[in-house]
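# Results of the structural survey
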Amino acid sequence: MTTGAVIVVGAGPTGLLLAGDLAAQGIPTTLVERHARGSALSRAFAVHARTLEQLEMRGLAADVVARGQPVRQAQVLGAVRVDLSTMPSRFPFVLIVPQYETEAVLEERARQVGVRIVRAAELTELSQDGAGVTARLSTDETLEASFLVGADGHASTVRRLVGQRFPGRTVIKSVLLADVRLTDPPDGAAVRAVGGRFTFIAPFGDGYHRVIAWDTDQQWQDEFAPVDLGEVRVIMRAVFGTDFGMRDPRWSSRFHSDERQVPQYRVGRVFLAGDAAHEHSPAGGQGMNLGMQDSANLSWKLAQQLVGGRDLLDTYHTERRPVGSAVIRGTGRLLRLAQLTGPARLARDATAFAALRIPALAHAGQRALAGLWVRYPAPPGEHHLVGTRAP
Ligand SMILES: Cc1cc2nc3c(=O)[nH]c(=O)nc-3n(C[C@H](O)[C@H](O)[C@H](O)COP(=O)(O)OP(=O)(O)OC[C@H]3O[C@@H](n4cnc5c(N)ncnc54)[C@H](O)[C@@H]3O)c2cc1C
């Protein structure tokens, strides 16, 4: 048994941040990843202020920011604009950056601090007892450690092997994604819905824009069928009255969106983090941010436990599960609001327009989007700042 070591399964943003944090604190850490090399696909593209603050604490924010495009204003719900530049953070914007760039920064740091990264190896078996965990890989290697973290995404093998259910439901069956050039792009990021049709557009800053679109009346497509740019164009024109001169797709994909969460983030010596623990609607671009914040919460507690400090491991579940539930509820609400039609939509836009003119409500909206709202309950008798964000 490799006492004092941690195995992290999955080299997505959640696993990379966690493994790097552990190794940086002197914990022998092995990161196991199914794929031989990092993904060149950009699923997530929005990195929010709270995540950037946490990256800055690790000396990583400047590198990530340099690879992306800060967006300080977003057009949401019809003509309603949200000004992010007044957000109470050193990062008063949403950073639009391809997920592979964020992962590249995190992987580089993980290597520098000494994480053993085992690629082209899949976790296939897992057992645990009072002393530790044993993980069997597809390469026939067997790893032993004190703890294991499943950061292995929405179809998590770790979750299955520890017998955790993933209850919830599918909210949209067919979401279209296209990274394209736009001849006449909107100013900043834009979101609009008309009837059951929805379009989101954000600039990457390298001449390409991310477009996400769906039509709730066109949900029959096979999830693996290639995306025809014409499908995206039809939705975009219906929503914005123009396709902004959309052309030259460099990546397109079709995906579905679920709302799910595991009942327990901890099962003995095994923890679940990121998409392995929760999934929610794409509205608000929260998934990768939430996963990295799970890691930031768990890593120091694991490290502290392994050097004989106070046992805070159960607080990972009690602190992070409610945050995950709140994000599932909030992004679901945003999705349903975006899909309103007729008089309800007009009422929504008028209400949002009026609400965002009230500074307190505008700030609440910014804080919700940016993840600045999170605070954990302080134990009785602790200082009132315990559990609050340290910016
Ligand atoms: C189109 C799209 C747009 C999105 N946009 C945003 C956005 O703007 N902002 C945002 O915050 N989020 C966004 N998300 C969500 C975001 O991409 C995910 O939440 C994020 O990737 C989750 O990170 P993760 O590390 O938890 O899991 P993943 O990124 O899924 O990584 C899991 C890793 O585990 C590996 N793995 C799986 N099983 C095993 C095994 N048995 N053994 C070894 N390795 C294994 C996988 O190969 C993978 O590399 C978007 C998602 C999609 C689909």
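Residues numbered from 1 in each chain as written. Predicted model: local features only at pLDDT ≥ 70, side-chain atom pairs only at ≥ 80, totals over all residues. Heavy atoms only, no water.

### A look at the sheet that holds strand β4 (residues 69-71)
The antiparallel open sheet is built from 3 strands, whose spatial order is β3-β7-β4. With partners counted over all chains shown, the strands left at the sheet margins are β3 (46-47) and β4, one partner each. Direction of pairing for β3 relative to strand β7 (residues 94-96): antiparallel, over a ladder of 2 bridges. From the neighbouring strand, Val-47 faces β7, where its bridge partner is Leu-95. (Pairing = 2+ DSSP bridges. Helix = DSSP H or I, 4+ residues; strand = E, 2+ residues; numbered from the N terminus.)

### A few points about the packing of aromatic side chains
On inspection of all chains with the given rule, the structure shows 8 aromatic pairs. Each residue in the set Phe-147, Tyr-265, Phe-271 and Tyr-316 is aromatic and connected to the rest through ring pairs, giving one cluster. Over the ring of Tyr-208 we find Arg-250, and its NZ or CZ is 4.1 Å from the ring centre. The positively charged end of Arg-269 is found above the aromatic ring belonging to Phe-147, 5.2 Å away from the centroid. (Phe/Tyr/Trp six-rings, centres within 6.5 Å; stacked < 30°, edge-to-face > 60°. Lys NZ or Arg CZ within 6 Å of the ring centre and 35° of its normal.)

### Here's the deal with the site of the ligand
Neighbouring residues of the ligand: 31 residues in total, closest Glu-33, Arg-43, Asp-275, Met-288 and Asn-289. Separating an oxygen atom of the ligand from a backbone N or O atom of Met-288 is a distance of 2.7 Å. Coverage of the ligand by the protein amounts to 90% of the 1000 Å² it exposes when considered alone. Ranked by residue count, the leading element in the shell around the ligand is helix α7 (residues 287-306), at 3 residues. Its residues assigned to classes, the shell around the ligand shows 13 nonpolar, 12 polar and 6 charged. (Near = heavy atom within 4 Å. Polar contact = N/O pair within 3.5 Å; in protein donor to acceptor, adjacent residues only side chain to side chain. Areas by Shrake-Rupley, 256 points an atom, 1.4 Å probe, with all protein chains shown as cover. Nonpolar A, V, L, I, M, F, W, Y, C, P; charged D, E, K, R; others polar.)

### Digging into unusual backbone geometry
Most peptide bonds take the trans form, and the phi angle of most residues other than glycine is negative. In this structure, Asp-140 is a non-glycine residue whose phi angle is positive, near 80°. Looking at the secondary structure, you find Asp-140 in the loop between β10 (133-137) and β11 (142-145).

### Things to note about the nonpolar core
Formed by 88 residues in total, the largest nonpolar core has its most connected members in Ile-7, Leu-55 and Leu-148. Broken down by element, the residue count for this core peaks at 6 residues, all from helix α1 (residues 13-24). Excluding its chain neighbours within four sequence positions, the residues that come into contact with Leu-55 are Leu-17, Leu-60, Ala-61, Val-64, Leu-106 and Met-292. With 17 residues, the next largest nonpolar core counts Leu-176, Val-227, Val-232 and Val-239 among its residues. (Core = buried A, V, L, I, M, F, W, Y, C linked by side-chain atoms within 4.5 Å. Buried < 20%, exposed > 50% of the residue type's maximum accessible area, 1.4 Å probe, protein only. Contact = heavy atoms within 4.5 Å.)

### Some thoughts on the packing of helix α2 (residues 49-57) against α7
Across the interface, α2 lies against α7 with an axial gap of 10 Å and an inter-helix angle of 40°. By the criterion of interaxial angle, the relationship of α2 to α7 is oblique. In the packing of α2 onto α7, the handedness of the crossing is left-handed. Contacts between α2 and α7 involve Arg-50, Thr-51, Gln-54 and Leu-55 on the former and, on the latter, Asn-289, Met-292, Gln-293 and Ala-296. (Axes fitted to C-alpha atoms, helices over the stretch in contact; angles between N-to-C directions. Parallel < 35°, antiparallel > 145°, perpendicular 65-115°, else oblique. Left-handed = near helix turned anticlockwise from the far one by under 90°.)

### Brief notes about the environment of Arg-169
Its location among the elements puts Arg-169 in strand β13 (residues 168-182). Sequence separation between Arg-169 and Gly-26 is 143 residues; the distance between their C-alpha atoms is 40 Å. With sequence-adjacent residues up to four places away left out, Arg-169 is seen in contact with Ser-257, Asp-258, Glu-259, Arg-260 and Arg-336.

### Concerning the pattern of salt bridges
According to the stated counting rule, one finds 25 salt bridges in the structure shown. Residues Glu-56 and Arg-90 are paired through a salt bridge, measuring 2.4 Å at the closest nitrogen-oxygen approach. Remark: Arg-90 occurs in the loop between β6 (80-83) and β7 and Glu-56 occurs in helix α2; sequence separation between them is 34 residues. For Glu-56, a relative accessible area of 34% translates into the label partly exposed. (Salt bridge = Lys/Arg side-chain N within 4 Å of Asp/Glu carboxyl O.)

### Some points on the packing of α1 against α7
Viewed as axis vectors pointing N to C, α1 and α7 meet at an angle of 25°, and their least axial separation amounts to 8 Å. Taken together, α1 and α7 sit at an angle that is classed as roughly parallel. Crossing handedness for the pair α1 and α7: right-handed. Between α1 and α7, the residues in contact are Pro-13, Thr-14, Leu-17, Leu-18, Asp-21 and Leu-22 and Met-288, Gly-291, Met-292, Ser-295, Ala-296, Leu-298, Ser-299, Leu-302 and Ala-303, respectively. In terms of residue class, the contact of α1 with α7 is made up of 10 nonpolar, 4 polar and 1 charged.

### Structural notes on the sheet that holds β11
The strand order across the open sheet formed by 3 strands is β9-β10-β11, and the pairing between neighbours is antiparallel. Single-partner strands in this sheet number two, and they are β9 (123-128) and β11. Each adjacent strand pair in this sheet contributes to an overall mean axis angle of 20°, direction not counted. Bridge count for β9 against β10 is 5 bridges, and the pairing is antiparallel.

### Considering the pairing of β13
The pairing of β13 with strand β17 (residues 246-261) spans 11 bridges and is antiparallel. By the bridge assignment for β17, Leu-177 is matched with Ser-253. Relative to strand β16 (residues 209-215), β13 runs antiparallel, the two being bridged by 5 bridges. Considered in β16, the bridge of Val-180 is made with His-209.

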